[in-house]
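# Working through the structure, step by step
Next come the chains, spelled out residue by residue.
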Amino acid sequence: MTANTPTPAGDIPSDFIRAIINEDQAAGAYDGRVVTRFPPEPNGYLHIGHAKSICLNFGVGEQYQGARCHMRFDDTNPTREDIEYVESILADVKWLGFDWGENLCYASDYFEQLYEYAEQLIRDGNAYVDSLTADEIRDFRGTLTEPGKKSPDRDRPPEESLDIFRRMRAGEFADGEYVLRAKIDMASPNLNMRDPVLYRIRHAEHHRTGDDWCIYPMYDYAHSLSDSIEEITHSLCTLEFEDHRPLYDWCQEVLGIYRSRQIEFARLNLTHTVMSKRRLRQLVEEGHVAGWDDPRMPTLSALRRRGYTPESIRDMCERVGVARRNSMTELALLEHCLREDLNRRAPRRMAVLRPLKLVITNYPEDSSEEFQAINNPEDETMGTRQVPFGREVYIERDDFMEDPPRRFYRLAPGREVRLRYACLITCTDVVKDAQGEIVEVHCTYDPDSRGGNAPDGRRVQGTIHWVSAAHAVPLEVRLYDNLFTESDPAGSETDFLDLINHDSLETVTAMGEPTLATTEAGDRLQFERLGYFCADTDSRPGAPVFNRTTTLRDTWARISQRDT
RNA sequence: UGGGGAUUAGUCUAGUGGUAAGACGCCUGACUCUGGAUCAGGUAUCACAGGUUCGAAUCCUGUAUCCCCAGCCA
């Protein structure tokens, strides 16, 4: 490995991990090298919690001079892992915008070397083959407050252990017949040090090594050695592995191999969702959601489908920071990052979610015209487009009230509002059906206000969006809300499944301006005054489907809610 | 009366002996052809109790609360 010039600690953000790395750099530790790794097990989909780890590890790998971050699969348990997960994980990391370059690694690539190190451990008297059953090992382990007992096999001579271990590898024994254990300290107050299992027999096909092996290394052993083999300098993991650090260090120390340093940080928790693989799997398997990429899920594939940008996710991870205390980040922060990003980038369009027909009685029948609309007021370079207009338009049901409360300054009988980019209209009549439901609103327009400007400069409080009825394109729109009603469903007394928000998905047929007919899956748009929407992969030619990524900040919703 | 961690505003994070910083949220107001965006202002004495010190969120002592650990999972 080549030595690197230390990076000046000046402008590297100051979370405690980077502070440690800065110190190491200043002290010339690790020859000035900085190498991290992101080590998922390919047994599930990546979620927003993983994003924090990805941003940290790859972020560090980018920030320091000559640094890098290895993409490594911790694939030591063939019974639950699959190539499908490998591929989705790779795609998600790439989507987030990170690059592992040449450094795509698999713990399974080290199986032979790991095995040889295990023989060394046995020869040195640091490991032994045990014939205790799983139940017996548990019994012998002791409890949190009582020391464990030594296995009768603990003093098996190294030659004998070596022989059995080789035969374990050769496939002479059934699953569970023997295990290889580290010989450390059965009385240690740290249960991980009470002769932890290093290898177990598993006659199972591995997604990469096939049936080359029938013994597989355990996490603590494999992870510590993999880090060492790759000469990882800073091995960043979550808090629950803190108790494993002594074992991590022990493995590298007794073998006399490259020393990596494990540093733990608090994982990301987000309100109104769950993050554990077990719960996510349950949501999918029991059909509470449509799949791993159901846009209500916190998986990266779901967030992508929902319309979240990788930039917004990375921004959130940066703002959350890195520390050692358990925390729960508010979803609002992620949403803020999203809106900030999309506000700059998303083209504006007009669509009406809950259409109410509005007839402009003084507008000529069978006539139409086009108005120019701005594609993005935040970015002039995005230009303008023409939007057709006619005698009948759809407006949002919420934008009309027959008997409006104070502070409501949209359309109501006798009121004048602006149809965005089109003209000023005044409500003259309300048409109801037999049930008393409003089915139509009649207005007159001011011909001199074409384009939406008041000819005499008079102030018009409200501006509402609309879609020409004659030109409208029907859209399937999926309105998403939080999957859970409580902020911490996993931490609640109530079972998390009973906290599912049954209104988390509402599908409506909206009416959109003509340009919306030609969107492609993945396109992100702002429907003016409503929110950000993303064309779904379910879209078909002539039948667009949109996911509501998030609403716009809605001051009126807050005011009206507060007043009731 | 096992071990390991943590404790700064509603939330997240900075501050490491010199009198609490930033972000989100929330509240006010300005502006506005998105009640969007933008802009201006407001919003904590640092878990608690003692102690050291001219001076403590930062040092010491004790207490409380929360999290993690008894897979041949990672």
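See the structure shown above.
The following refers to the structure shown. Every chain's residues receive numbers from 1 upward, in the order its sequence appears when written. As a convention, the first chain written is A and the first ligand written is 1, with the rest following in written order. Local features in this predicted model are restricted to residues whose pLDDT is 70 or higher, and side-chain atom pairs enter the listing and the counts only when it is 80 or higher, whereas totals over whole chains, interfaces and linings include all residues. Side-chain calculation: all heavy atoms of the structure are included, whereas hydrogens and water are not.

### Structural notes on the packing of aromatic side chains
The criterion, for reference: What counts as a ring pair is set by centres within 6.5 Å for rings of Phe, Tyr and Trp (its six-membered ring), and what kind of pair is set by the plane angle: stacked under 30 degrees, edge-to-face over 60, tilted for all other angles. Counting as a charge over the ring demands two things of the Lys NZ or Arg CZ atom: a distance within 6 Å of the ring centre and an angle within 35 degrees of the ring normal.
Applying the stated criterion across every chain yields a total of 20 aromatic pairs. With a centroid separation of 4.7 Å and 70° between ring planes, the pair formed by Phe173 and Tyr178 is classed as edge-to-face. In this arrangement the basic side chain of Lys149 is found over the ring face of Phe140, its NZ or CZ atom lying 4.8 Å from the centre. The residue whose ring lies beneath Arg314 is Phe98, and the NZ or CZ to ring-centre distance is 4.0 Å.

### A word on a positive patch on the surface
Rules: Think of a patch as exposed residues, more than 30% relative accessible area, with no salt bridge, where like charges cluster within 9 Å and nonpolar side chains (Val, Leu, Ile, Met, Phe, Trp, Tyr) cluster within 5 Å. Note on areas: Shrake-Rupley, 1.4 Å probe, and residue coverage restricted to the protein chains presented here. Here, a salt bridge means any side-chain nitrogen of Lys or Arg that lies within 4 Å of a carboxyl oxygen of Asp or Glu. Positive charge is attributed to Lys and Arg, negative charge to Asp and Glu, and no charge count is given to His or to the chain ends. Charge positions are represented by NZ for Lys, CZ for Arg, CG for Asp and CD for Glu. A helix here means a DSSP run of H or I that spans at least four residues, while a strand means a run of E at least two residues long, and both kinds are numbered starting from the N terminus. Here the term buried applies to any residue with accessible area under 20% of the maximum for its type, exposed to any over 50%, and partly exposed to those in between, with areas from a 1.4 Å probe on protein chains only.
A cluster of basic residues, Arg407, Arg553, Arg558 and Arg562, forms a positive patch on the protein surface. The topology assignment puts Arg558 in helix H13 (residues 555-563). Note on Arg558: relative accessible area 42%, which makes it partly exposed.

### Quick word on the environment of Thr426
The test is simple: In this analysis, two residues are considered to be in contact whenever any of their non-hydrogen atoms come within 4.5 Å of each other.
Relative to the assigned elements, Thr426 resides in strand E17 (residues 423-432). Of the residues examined, Thr426 reaches a relative accessible area of 24% and is grouped as partly exposed. With 66 residues separating them along the chain, Thr426 and Ile360 place their C-alpha atoms 9.1 Å apart. If we ignore the near neighbours within four places in the chain, the residues touching Thr426 are Gly414, Arg415, Glu416, His442, Cys443 and Thr444.

### With respect to the protein's contact with RNA strand B
Formally: It suffices for a single heavy atom of a residue to lie within 4 Å of a molecule or strand for the residue to be listed as near it. We define a polar contact as two N or O atoms separated by no more than 3.5 Å, with the added condition that, inside protein, one atom must be a possible hydrogen donor and the other a possible acceptor, whereas residues neighbouring each other in sequence contribute only through side-chain atom pairs. Residue classes follow a fixed rule: Ala, Val, Leu, Ile, Met, Phe, Trp, Tyr, Cys and Pro count as nonpolar, while Asp, Glu, Lys and Arg count as charged, and any other residue, Gly among them, counts as polar.
The immediate surroundings of RNA strand B are formed by 68 residues, with Leu191, Arg325, Arg410, Gly451 and Thr555 found nearest. A share of 65% of the atoms of RNA strand B within 4 Å of the protein falls on sugar and phosphate groups. The contact in question runs from a sugar or linking oxygen of RNA strand B to an N or O atom on the side chain of Arg80, over 3.2 Å. Arg348 is positioned such that a nitrogen or oxygen atom in its side chain is 2.6 Å from a base oxygen of RNA strand B. Mapped onto the surface near RNA strand B, the elements with two or more residues apiece are helix H5 (134-140), strand E6 (197-201), helix H11 (310-320), helix H12 (331-345) and H13. Among the residues making up the surface near RNA strand B, the classes are represented as 24 nonpolar, 18 polar and 26 charged.

### Observations concerning the pattern of salt bridges
Taken as a whole, this structure holds 49 salt bridges when the rule is applied. As a salt-bridge pair, Arg319 and Glu340 come within 2.9 Å of each other at their nearest N and O atoms. Linking Arg319 in helix H11 with Glu340 in helix H12, this pair joins segments that are 21 residues apart in sequence. You can call Arg319 partly exposed: its relative accessible area is 39%. Bridged by salt links that share partners, the residues Asp293, Arg305, Glu476, Arg478, Asp536 and Asp538 form one connected network.

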